[in-house]
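Overview (structure and organization)
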Amino acid sequence: MLQRRRLSLRYHSRSRDETIERIVSPQRLIHYRDNWYLDAWCHLREGLRSFSVDAIEQAEILEKRAKDVAEARLDEVLGSGYGIFGGDSVTWATLHFTPERARWVSTERWHSKQEARFLEDGSYELKVPFSDDRELIMDILRYGADCEAVGPKALRERVAAELARARERYQN
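Everything quoted here is computed from the prediction, not taken from an experiment.

On to the packing of helix α3 (residues 134-141) against helix α4 (residues 153-169). α4 packs onto α3 with a crossing angle of 55° between their chain directions and a minimal axis gap of 10 Å. By the angle between their axes, α3 is oblique relative to α4. As for the relative orientation of α3 and α4, their crossing is right-handed in sense. For the pair α3 and α4, contact is made by Leu136, Ile137, Ile140 and Leu141 and by Leu155, Arg158, Val159, Glu162 and Leu163, respectively.

Core analysis: the biggest nonpolar cluster contains 18 residues, and Leu95, Phe97, Trp110, Leu126, Leu136, Ile140 and Leu155 have the highest contact counts within it. Only β6 (91-97), α2 (99-105), β8 (124-130), α3, β9 (147-151) and α4 provide two or more residues apiece to this core. When residues of this core are assigned to their parent elements, the largest contribution, 4 residues, is made by β8. If you look at the next biggest cluster of nonpolar residues, it comprises 10 residues, including Tyr11, Val24, Cys42 and Phe51.

Secondary-structure assignment places Ser52 in strand β4 (residues 47-52). Ser52 sits in the buried class, given a relative accessible area of 4%. Those residues in contact with Ser52, other than ones at most four positions away along the chain, are Tyr11, Arg14, Asn35, Trp36 and Tyr37.

In space, the 5 strands of this open sheet follow the order β4-β3-β2-β1-β5, with antiparallel pairing throughout. Looking at which strands have only one partner, the edges of the open sheet turn out to be β4 and β5 (56-65). With direction set aside, neighbouring strand axes in the sheet form an average angle of 45°. The pairing of strand β1 (residues 5-13) with strand β2 (residues 18-32) spans 7 bridges and is antiparallel. What sits directly across from Ser13, in β2, is Glu18.

Parameters and conventions
Residues numbered from 1 in each chain as written. Predicted model: local features only at pLDDT ≥ 70, side-chain atom pairs only at ≥ 80, totals over all residues. Heavy atoms only, no water. Axes fitted to C-alpha atoms, helices over the stretch in contact; angles between N-to-C directions. Helix = DSSP H or I, 4+ residues; strand = E, 2+ residues; numbered from the N terminus. Parallel < 35°, antiparallel > 145°, perpendicular 65-115°, else oblique. Left-handed = near helix turned anticlockwise from the far one by under 90°. Contact = heavy atoms within 4.5 Å. Core = buried A, V, L, I, M, F, W, Y, C linked by side-chain atoms within 4.5 Å. Buried < 20%, exposed > 50% of the residue type's maximum accessible area, 1.4 Å probe, protein only. Pairing = 2+ DSSP bridges.

Right under this line is the structure:
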């Protein structure tokens, strides 16, 4: 990164369980939830992407100069939504936590732009921006019945579908 040169990566995509070759222009390293990520311009996809450093199987420094991306653009695309998955389109999730769980969740910082308040019944409402719902859904599910995804409708439906899939595993 300091030399501002491109990298050739062999990267294992966990979501597709395949190894892919990428040429990237590294922009910054981010430490998030005990893991390091490389934010980079991907020349194959012609866009900003975040690569988990522990999934990089091989990296080679190339002679070609790296494409420069403004820090504000990096934050806009990769830092605007919840979690490590970024994107240009940001939606706000509204989550409600039971009064029992509210005592814990109210002390947590889910996102720098989160909005939160206690409701009259002692429950807790948390609003967070997100671009990609994968990590957000995992966090919602870890609270089980103590968390309800109130909106948007598409997020609520995805959480309900995941819960239905989980229930099917326990029915036999």
